[in-house]
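Here's the letter readout for the chains.
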Amino acid sequence: MSVKHNFRKLLLVTTSCAFFAACADTSISSPGAENPGTPPGGGNPPPAGQTIDLIPAGGCGTGSIRETSVTNGDITINACEITGNITTNTTVAPNAGVIITGPTFVGTDDGATGGSGARATLSIGAGATLFGAAGSDYIVVTRGSRIEAQGTADAPVIFTSRTDVEGSVGENDKGLWGGLVLNGRAPINACTDATAVGGSADCEKSGEGSSGLFGGADAADSSGILNYVQVRFAGFKVNNEDELNGIAFQGVGSGTDVDYVQVHNNSDDGVEMFGGTVDLRHLVLTGNDDDSMDYTDGWRGRAQFVLVRQGPSGDQGFEFDNRGGNDTANNLTPRSNPMISNFTLIGNRNGSGSNDSDQGMLIREGTAGRLYNGIVADFGDDCIDVDQDATFARIGAATDPLDIQSVVLDCVNNFDESTGDPVDLSDWFLSRPNNAVISNTLNGVFSGPAEQAVTAFDVNGADSWFEDIDYIGAFADDEIAASNWASGWTYNLFADAGCPTGTTESAETINGSRVCQITGNITADLRLTRGNMYELIGPVFVGVDRGPDPASPLPSGIEATLTVDPGVTVFGSSGSDYIVVTRGSELRSNGTASSPVIFTARSDIEGTAGVNTKGQWGGLVLNGRAPINACTDATATGGTVDCEKSGEGSSGLFGGATADDTSGSITYTQVRFAGFKVNNEDELNGIAFQGVGSGTFVDYVQVHNNSDDGVEMFGGAVDLRHLVLTGNDDDSMDYTDGWRGRAQYVLVVQGASGDQGFEFDNRGGNDTANNLTPRSNPMIANFTLIGNRNGSGSNDSDQGMLIREGTAGQLYNGLVVNFGDDCIDVDQDATFARIGAGTDSLEIQSVALDCVNNFDESSGDPLDLSDWFLAQPNNAEYTNSLTGFAFFSGGTGVVPGSAETGLTSTDVNAIDNWFEPAGYVGAVEGASDTWYQGWTFVPAQQ
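Just so it is clear, the structure is predicted and the values come from calculations on it, not from any experiment.

Visitor: Please give an account of the overall build of the chain that cites residues and values.
Guide: A count of helices and strands for the chain gives 13 helices and 56 strands. Burial statistics for the chain: of 942 residues in total, 64% are counted as buried. Considering only intrachain contacts with a sequence separation of at least 6, the fraction spanning at least 24 residues in the chain is 73%. Looking at the chain as shown, the accessible area adds up to about 29,800 Å², and 46% of this sits on carbon and sulfur atoms.

Here you go:
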């Protein structure tokens, strides 16, 4: 979300697609993913897919909130959770993702005057996202308790559905979870006890959806704060008569603060006031079924700046009742009598709802009300309908009148004229000051010349609560080309969302997209939202290093999170443009199968990158606090908190003693054309995992055409799944400094100038370094390494696997083919010593080789490499009999042939249950296993 907004005029049209500007782009600007589509496979059973991590680095908050994990199909969400009765004050941390499980009640009912109920406050920090999975998941704030949802313009609080968070919500989806209900003690006119007097303390009523009692006699009662809030895809239908609204204000008092609130795609009303006196400002109601704004039961509040865009199956823009049902109910008191000013209601002339009346304003059931400075346009039936004699009786009444002034109508039929009405509606409407009927003159959601000529009613003079304005409609005319009050914080409302706060808008556009620049230190959480491209200007550091010990706060350290939404592209223009995530901070690259995150070079987005382009920008560096064996301080012991090291490319310190440390999550992400060479010894990798811990989530990641290694692990314990490494120079997958993580499903296609597919070290340099601890000892399963027999690099060794410098490791279920030198080379006595070792051993099983030379046999090696390899279970070597591989020809070449499928695999799941059961060798099981397709970058030729 963004505070800034460069608005472009939108033409008023009759389809919701044009108004929402991007119907196919249901992007979520909260934590989470978008449109994952059909998750890729990866074995039998299929892989777990992706994990969305919505728990902030500092935890969920305080009170009745906890951490949990839920799985839906192949998507796992790590999030916070609220459920049941919240009877103690509870705080949701800023930017947290919170699962609403079942009916969740804030407090227990404290009665109409205050009693024995448990009062509680649910406080929600800016940027938090609360979501439910079903209609039974909703929030009720009971009488005497409070909700304080305090978002900001660039970080609204979002209430939505789990499918929205997962990225699979559709443009027209509704009713996917319950909604939000606020119960208060303000007066109502509909009493459960028929003998009670409306507006008195004992006049109370049961709310819809089993939401408890509301009503009382405290007009100034407060149910809390809703500022910069979105409610999306809610409104579950409990039964044919009872359906949850997006927000139900039930007996809510004027002490409640409601400002900058949007309800989008609710299956019942957007907002409904059941009596009470709550006031509302800056209300956006989009795509809702039934009515966008509804009231009954004696609402006597105020509203200013209301924008309604009715969806194709919506009913009324406004539906206003006193109570309804019969003549007695129509005249219950306190009578509904709100004052509403500065509203723009836009209908849909092709409404398709089965009960669709497509009316702008239905005013009925004895309500009073004062409606000023409004525009009602494009409704398919009529702009205004007044029903029931009790309602017409309010016209000209001395108290509780019905009045409409400075309102413009432009619909198929502007009035619903019914035989027998006591007043001619059109005559009365046009007799009131400054009302008008026009035809097709609106300019987008803003007023055109005809509307601008209408004299506004002085609402501030009538009631000083209203802001002093001199125009009709929700927006001033000069807001057409400027940042207006609805821009930035709303969902799918305007086409142009601006640059997020924390970035700077460039004067440049690329392919019609705005460029937002990122530079220096990111010292506050930053979310890169869709709709822009993002340019790195120099080294960009996320956070300021917090040191190796998370329990010892450093005054100078700063933790920050960089979140990248699905489909976002981030690019650099030179080798000095790169990203470093410092210890204690996080990168959350939240791509999806259909909308991966892309980190790439300017030449790529400008279309000038060639097949062999490399080293055009820096790359990604993640620094963590997990153990390493290479210490800057020679006196430090490997794996301890004081064992730390300076990273390549002036990327700061890494290392510590926290094996499960987290540096964030990277899912469905591409890194292209990176790897700038700083000097002859120092070159940036595509992704450098420097002391990164196992709490970091890495799944579905590609590094393409990097000028140094594709990925390199410098110690740590990070685990990786579904890794695609294509066209990289030097090595595709490299590790050193004591990496002890795991990897499964690794597909390597080495470029023409590439070096090793795998290059594995403990530390290296001398015998002492070769035996530093913790010793590198990863477990890697289901890998396919495809070489290039015509390698042209000047130092090109074209080896499939170079295992050296004292490393241990377990390599299972692999295919190594087509390397120009050899498939496997084991170097240094310290490495051979790991073969058969009791701890930290080197093992290779269920691996097939087919290269120019399958083994690098060096004189003086302490054992015969080929004899040892072939003596291990299920290993095999071939000569030009394995299936030819050509990933870049469309992906079919990575599918194993009959020789490979005939090999016996090792049950890696039985060895370590982190690994998925995969009863085959190689990264891909067969033609139906397409996990590597769709989300990856595949050049035309390679």
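Visitor: Go over the packing of aromatic side chains with me, naming the residues and quoting the values.
Guide: Under the criterion given, the structure shown has 28 aromatic pairs. On the basis of an interplanar angle of 20° and a centroid distance of 3.9 Å, the ring pair of Tyr372 and Phe457 is categorised as stacked. Of this pair, Tyr372 sits in strand E25 (residues 369-377) while Phe457 sits in the loop between helix H6 (449-452) and helix H7 (459-462), and the two are 85 residues apart along the sequence. Of the two residues, Tyr372 and Phe457, neither departs from the other in class, the shared state being buried. An aromatic cluster is defined as three or more aromatic residues linked by ring pairs; in this entry it consists of Tyr668, Tyr700, Tyr745, Trp931, Tyr932 and Trp935. Here the guanidinium or amino end of Arg281 rests over the ring plane of Trp465, the centre of that ring lying 3.9 Å away. A cation over an aromatic ring shows up here: Arg721 above the ring of Trp914, its NZ or CZ 4.0 Å from the ring centre.

Visitor: Just give me the short version of the side chain of Arg232, but keep the residues and values in it.
Guide: By secondary structure assignment, the location of Arg232 is in strand E15 (residues 224-232). Side-chain polar atoms of Arg232 contact the side chain of Gln230, separated by 2.5 Å.

Visitor: Run through the pattern of salt bridges, naming residues and quoting values.
Guide: Going through the model one piece at a time under the given rule, you end up with 39 salt bridges. Here Asp297 ties to Arg323 by a salt bridge, and the two come within 3.6 Å at their closest N and O atoms. With Asp297 in the loop between strand E20 (293-296) and strand E21 (302-309) and Arg323 in the loop between strand E22 (318-320) and helix H3 (327-330), this residue pair connects regions lying 26 residues apart in the sequence. The residue Asp545 makes a salt bridge to Arg583 at a minimum N-O spacing of 2.8 Å. With a gap of 38 residues between them, Asp545 in the loop between strand E33 (532-542) and strand E34 (561-564) and Arg583 in the loop between strand E36 (578-581) and strand E37 (586-590) connect regions that are remote in the sequence. Residue classification places Asp545 among the partly exposed residues on the basis of a relative accessible area of 23%. Classification of Arg583 by relative accessible area gives buried; the value is 0%.

Visitor: Pulling in residues and values, what's your account of the environment of Asp730?
Guide: Examined against the element boundaries, Asp730 turns out to sit in the loop between strand E46 (720-726) and strand E47 (733-736). For the pair formed by Asp730 and Phe758, sequence separation is 28 residues and the distance between their alpha carbons is 9.8 Å.

Visitor: I'd love a proper account of the environment of Pro596, names of residues and values included.
Guide: With respect to the helices and strands, the residue Pro596 is situated in the loop between E37 and strand E38 (597-601). Given a relative accessible area of 12%, Pro596 falls into the buried group. In sequence terms Pro596 and Phe937 are 341 residues apart; their C-alpha atoms lie 9.8 Å from each other. What Pro596 contacts, discounting residues up to four positions off in sequence, is Gly567, Val568, Gly591, Tyr668, Gln670 and Trp935.

Visitor: Break down the environment of Pro312 for me, citing the residues and quoting the values.
Guide: Within the fold, Pro312 resides in the loop between E21 and E22. Between the C-alpha atom of Pro312 and that of Asn288, which follows or precedes it by 24 residues, the distance is 8.9 Å.

Visitor: Explain unusual backbone geometry to me, using residue names and the numbers behind them.
Guide: The step from Thr333 to Pro334 runs through a cis peptide bond, and the omega angle for that step is 0°. Mapped onto the elements, Pro334 comes out in the loop between H3 and strand E23 (339-346). The omega angle of the peptide bond from Thr773 to Pro774 is 0°, so this bond is cis rather than trans. With respect to the secondary-structure elements, Pro774 resides in the loop between helix H9 (767-770) and strand E50 (779-786). Here the phi dihedral of Asp400 falls at roughly 45°; this positive angle occurs in a residue that is not glycine. Mapped onto the elements, Asp400 comes out in the loop between helix H4 (389-392) and strand E27 (402-410). Using a relative accessible area of 19% as the deciding quantity, one classes Asp400 as buried.

Visitor: Break down the nonpolar core for me, citing the residues and quoting the values.
Guide: Grouped together as the largest cluster of nonpolar side chains are 72 residues, with contacts concentrated most on Phe159, Phe249 and Met293. If one sorts the elements of this core by residue count, E27 sits on top with four residues. Ignoring anything within four residues of it in the chain, the contact list for Phe159 reads Ile124, Leu130, Ile139, Ile147, Trp177, Leu180, Val229, Gln230, Val231 and Arg232. Grouped together as the second largest cluster of nonpolar side chains are 71 residues, Leu562, Phe599, Met733 and Leu811 included.

Visitor: Please give an account of the pairing of strand E51 (residues 799-803) that cites residues and values.
Guide: By the criterion of burial, E51 is predominantly enclosed, with five of the five residues buried. In terms of strand pairing, E51 meets strand E53 (residues 822-826) through four bridges, oriented parallel. Within the sheet, the bridge partner assigned to Met801 lies in E53 and is Ile824.

Visitor: Please provide a residue-by-residue account of the side chain of Thr367, values included.
Guide: Considering the arrangement of structural elements, one finds Thr367 in the loop between strand E24 (359-363) and E25. A distance of 2.8 Å separates polar atoms of two side chains, one belonging to Thr367 and the other to Tyr295. Residues in contact with Thr367, not counting those within four places in the same chain, are Tyr295, Phe320, Asp321, Asn322, Ser336, Thr391 and Arg394.

Visitor: Would you mind going over the pairing of E37 in detail, with residue names and values included?
Guide: When you tally the buried positions in E37, you get five out of five residues, the bulk of the element. Two strands pair when backbone bridges link them, and E37 and strand E42 (residues 664-672) are joined in this way by four bridges, in the parallel orientation. By the bridge assignment for E42, Ser589 is matched with Ile666.

Visitor: Explain the confidence of the model for the chain to me, using residue names and the numbers behind them.
Guide: Here the chain averages 87 in pLDDT, while 88% of its residues score no lower than 70. Low pLDDT (under 50) marks residues 351-356, which in the prediction has twelve contacts with non-local residues, meaning those over four places away or in another chain.

Rules used throughout
Residues numbered from 1 in each chain as written. Predicted model: local features only at pLDDT ≥ 70, side-chain atom pairs only at ≥ 80, totals over all residues. Heavy atoms only, no water. Helix = DSSP H or I, 4+ residues; strand = E, 2+ residues; numbered from the N terminus. Buried < 20%, exposed > 50% of the residue type's maximum accessible area, 1.4 Å probe, protein only. Contact = heavy atoms within 4.5 Å. Areas by Shrake-Rupley, 256 points an atom, 1.4 Å probe, with all protein chains shown as cover. Phe/Tyr/Trp six-rings, centres within 6.5 Å; stacked < 30°, edge-to-face > 60°. Lys NZ or Arg CZ within 6 Å of the ring centre and 35° of its normal. Polar contact = N/O pair within 3.5 Å; in protein donor to acceptor, adjacent residues only side chain to side chain. Salt bridge = Lys/Arg side-chain N within 4 Å of Asp/Glu carboxyl O. Core = buried A, V, L, I, M, F, W, Y, C linked by side-chain atoms within 4.5 Å. Pairing = 2+ DSSP bridges. pLDDT = per-residue confidence, 0-100.

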